[in-house]
Amino acid sequence: MAADSSKIAAPSADKRWRLVDNVMRRHGYRADGLIESLHAVQESFGYLDDVSLRFVAASLRLPPSKVYGVATFYHFFTLKPQGEHTCVVCLGTACYIKGAQKILDRIEQDYGIKPGETTPDNKLSVLTARCIGSCGLAPAVVIDGTMSGKLTADETAEHICRCVGA
Amino acid sequence: MIPDELKAITDAETEASAKVRCRLNVCMAAGCQSCHGDKVLKALQAEVASRKLEGVEVRGVGCLGLCAEGPLVLVDPEHVLYQRVQAEDAADIVAALGGKPVKRLVCSLETPFFKRQKFIVLENSGKINPERLEDYVAHRGYEALATCLTERQPPEVVAEVLASGLRGRGGAGFPTGLKWQMVAKAAGPKKYIICNGDEGDPGAFMDRSVLESDPHRVLEGMALAGYAVGADHGYVYVRAEYPLAVKRLNNAIKQAQKAGLLGPSICDTAFTFNVEVRLGAGAFVCGEETALIASVEGRRGQPRPRPPFPAEAGLWGCPTLINNVETFANIPPIMREGGKWFAGIGTEKSKGTKVFALAGRVCNTGLIEVPMGITLREIIFDIGGGIPEGRKFKAVQTGGPSGGCIPEQFLDMPVDYDSLAKVGSIMGSGGMIVMDESSCMVDVAKFFMEFCRTESCGKCVPCRVGTAQMHNLLSSICAGTATMDDLALLERLCDTVKFTSLCGLGQSSPNPVLTTLRYFRHEYLAHITDKRCPAGVCNIHSLAEVHA
């Protein structure tokens, strides 16, 4: 097909673009592979920036407005780079009832950042999740991809300290 | 793969398990993994290896249910359940095999939590290794598919589902058989099956557990649906927040393809069925079927008016059958045991069982499956073990942001679609959050409204603007700055949003407010007129501050 011969060149020699391209190719560079492609970008680079959005748009032959529209519609996608460490606090109902807000308050008190923000030294980002489905272990937080449950604000603070301080 | 080959697998498995004297089943669902269940599994394996024990198998299984006490290890054939196991306990557990169980770790299986449940959807959960096709087959997996493909016509399959009285487990409770019939009758050369695993309700994790514990069951259900309605392609739409479920599902699809249970010419018949996984990206509205379809097509998940219903014009304009994960998981046992058998369980209008994610202020948090018609009191106080720390029960929330808060006076009400609707809530997908006196009901209503406000897709005005206004009003009630006029306005807005929104998200978003107003109006009034929060949750400004 023509799609292959006019393949869009990757923005740089970074090998991670190959991973993104693999996913787009698996979906035949069709428009319905857009969300999967954005997942691939975020998994490889940590976030979606202008360069990657333009690359995906060109490769799937979609107007940039469509791609930007999808990238901003879904909460899972982030357009900002994250800090070295991330702490996701689940704000599902069970976690909320069991004091997730106290954990967020504690983080704000300790690091001066609110959900969606990153510390000035780029060490820690704090995020919230709608529900990570670990309601049986509420309140739950995910620190650097590892989930821990039944935490108090103090225990969470200790956990974060151990990760960031190291 | 043909029925004989399935039997051969079963026989081989039976033979292999005859050599196993003892089995250590370690829960490998996300809950137990997060409390280091994987380390327990490794430690047990190492211990068994170092003692050179013969006939002892250590394996990972799906959810064992009692998430609150994880990591869990079930020892068979003794049928002893160990709770809160740590890697250091491995030596003691292995040493105790065949003898007296390790007392300090034992969790009684004689409690109502285990005794009062009835397993259909979760029949294999905790019994099989979700990463092995052979385990599923040995537990009569794919038997229904093989039998239907070789012995029954598609209309017979639809008729069986109709006879079962199964209703959609995603929340609304539309009769599944009718939906299948509509898609089967719809004209068109191409049809699709979509499995809705976009479990967006905060406080619900049934779909996650089913996909993590028994992924092949969902695939079998989808293939049966494909055969019944004449579709050859299916999508499973799963939340990206569930990486373990996605991994196990992808693994299951590969295994089924390799075994010829998915793909072309299944069971040597003309039936072809392929399944693809599509990742969600965190949008609650994608649980709505037309929004979900938009998302599978790679677009923003915005719903559209119905009709036409997806059964007539769905994915890429083709007739599409959308069912929830739990609905599909019910299909193989219905085909195996018959619709009549299924219809014999539950109540007159709600058949079968329902899986609930029991969480919040209740002793035994975890995943449970109960027959329809059981009372809320039985679920919360018998199975759930009541409220911890001797506190008092206040309300139970079902149906997530689209549902309502049910007070104590209805605890003896049977749990079924119609009874829950009567008190202003919904069955929903199965999240059940218990609240005690430490929860402020206005704050809870505000929490859900905040959720709906951010999750509103923005397409229709009542939902986009209405949820924001309702959230503002609830915030000022919580802050103690609202007047009785504000309350009247809130009630009017609830009506407007409920009756004029485009899709289910907006239409049901006032439910948490309406039910709390109905049953806990005194709490609203306390905030407005007395400027105090009875539960002590809200940060109410003093009167002087308000007037300043």
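Anything mentioned here points back to the structure above.
Small disclaimer: the values here were computed from a predicted structure and weren't measured. (Residues numbered from 1 in each chain as written. Chains lettered and ligands numbered in written order. Predicted model: local features only at pLDDT ≥ 70, side-chain atom pairs only at ≥ 80, totals over all residues. Heavy atoms only, no water.)

K.L.:
How should the packing of helix α11 (residues 215-229) of chain B against helix α12 (residues 243-258) of chain B be read in this particular structure?
P.N.:
In helix packing, the relevant descriptors are the interaxial angle and the interaxial distance, both defined with respect to the helix axes. All names here are of chain B. Between α11 and α12, whose axes approach to 9 Å, the crossing angle comes to 60°. As judged from the angle between their axes, α11 and α12 are oblique. Considering only the axes of α11 and α12, their crossing is right-handed. Judged by residue contacts, P215, H216 and L219 of α11 engage R248, L249, A252, I253, Q255 and A256 from α12. (Axes fitted to C-alpha atoms, helices over the stretch in contact; angles between N-to-C directions. Helix = DSSP H or I, 4+ residues; strand = E, 2+ residues; numbered from the N terminus. Parallel < 35°, antiparallel > 145°, perpendicular 65-115°, else oblique. Left-handed = near helix turned anticlockwise from the far one by under 90°. Contact = heavy atoms within 4.5 Å.)

K.L.:
So what exactly am I meant to see when it comes to the interface of chain B and chain A here?
P.N.:
As a measure of interface size, the accessible area lost when the parts come together is often cited. Every contact between the two is made by 53 residues of chain B and, on the other side, 32 residues of chain A. For the chain B and chain A pair, buried surface summed over both sides reaches about 3400 Å², with 58% attributable to carbon and sulfur atoms. For chain B, the biggest contributors to the area lost against chain A are A281, R300 and F447 of chain B; these three give 17% of the whole. R130 of chain A serves as the salt-bridge partner of E450 of chain B, at 3.8 Å between the closest nitrogen and oxygen. Along the contact surface separating chain B from chain A lie 21 residue pairs in polar contact (both at pLDDT 80 or more). Secondary structure elements with two or more residues in the side of chain B that touches chain A: α2 (30-34), β8 (274-279), α13 (289-296), β10 (353-360), β14 (431-436) and α18 (441-455) of chain B. Residue contributions to the side of chain B that touches chain A peak at eight residues, all from α18 of chain B. (Buried area = accessible area lost by both parts, 1.4 Å probe. Salt bridge = Lys/Arg side-chain N within 4 Å of Asp/Glu carboxyl O. Polar contact = N/O pair within 3.5 Å; in protein donor to acceptor, adjacent residues only side chain to side chain.)

K.L.:
Please clarify how the sheet that holds β8 of chain B should be interpreted in this entry.
P.N.:
Note: strands within a sheet are paired through backbone hydrogen bonds, in either parallel or antiparallel orientation. Residue and element names in this part refer to chain B. One open sheet holds the four strands; their spatial order is β8-β7-β6-β9, and the pairing between them is parallel. In this open sheet, the two strands that pair with only one neighbour each are β8 and β9 (320-324). Shown here is a sheet whose adjacent strand axes are inclined to one another by a mean of 20°, direction ignored. Judged from the six bridges that link them, strand β7 (residues 233-238) and β8 form a sheet pairing that is parallel. What sits directly across from Y235, in β8, is E276. Sheet strands in contact with α11 are β6 (192-197), β7, β8 and β9, and its direction is about 150° off that of β6. Across the sheet, helix α14 (residues 325-337) is in contact with β6 and β9; its angle to β9 comes to roughly 95°. (Pairing = 2+ DSSP bridges.)

K.L.:
Sorry if this is basic, but what is going on with the environment of M24 of chain A here?
P.N.:
All names here are of chain A. For M24, the position within the fold is in helix α2 (residues 16-26). Looking at M24, the relative accessible area reads 0%, which means it is buried. Remark: the alpha-carbon pair of M24 and V56, spanning 32 residues in sequence, is separated by 8.3 Å. When residues no more than four places from it in sequence are discounted, the contact partners of M24 are Y29, S37, F55, V56, S59 and L60. (Buried < 20%, exposed > 50% of the residue type's maximum accessible area, 1.4 Å probe, protein only.)

K.L.:
Sorry, what's going on with the sheet that holds strand β1 (residues 85-90) of chain A here?
P.N.:
All names here are of chain A. Across the sheet, which stays open at both edges, the five strands sit in the order β2-β3-β1-β4-β5 with mixed pairing between neighbours. Every interior strand has two partners, whereas the edge strands, β2 (117-118) and β5 (146-148), have only one. Of the strand pairs in this sheet, β1 and strand β3 (residues 124-129) are connected by six bridges, and their pairing is parallel. Each bridged residue has a counterpart across the sheet, and for C87 the counterpart in β3 is V126. Docked against the sheet, helix α7 (residues 100-111) engages β1, β3 and β4 (141-143), running at close to 150° with respect to β1. Across the sheet, helix α8 (residues 153-165) lies against β1, β3, β4 and β5, angled at about 10° from β4, the strand it touches most.

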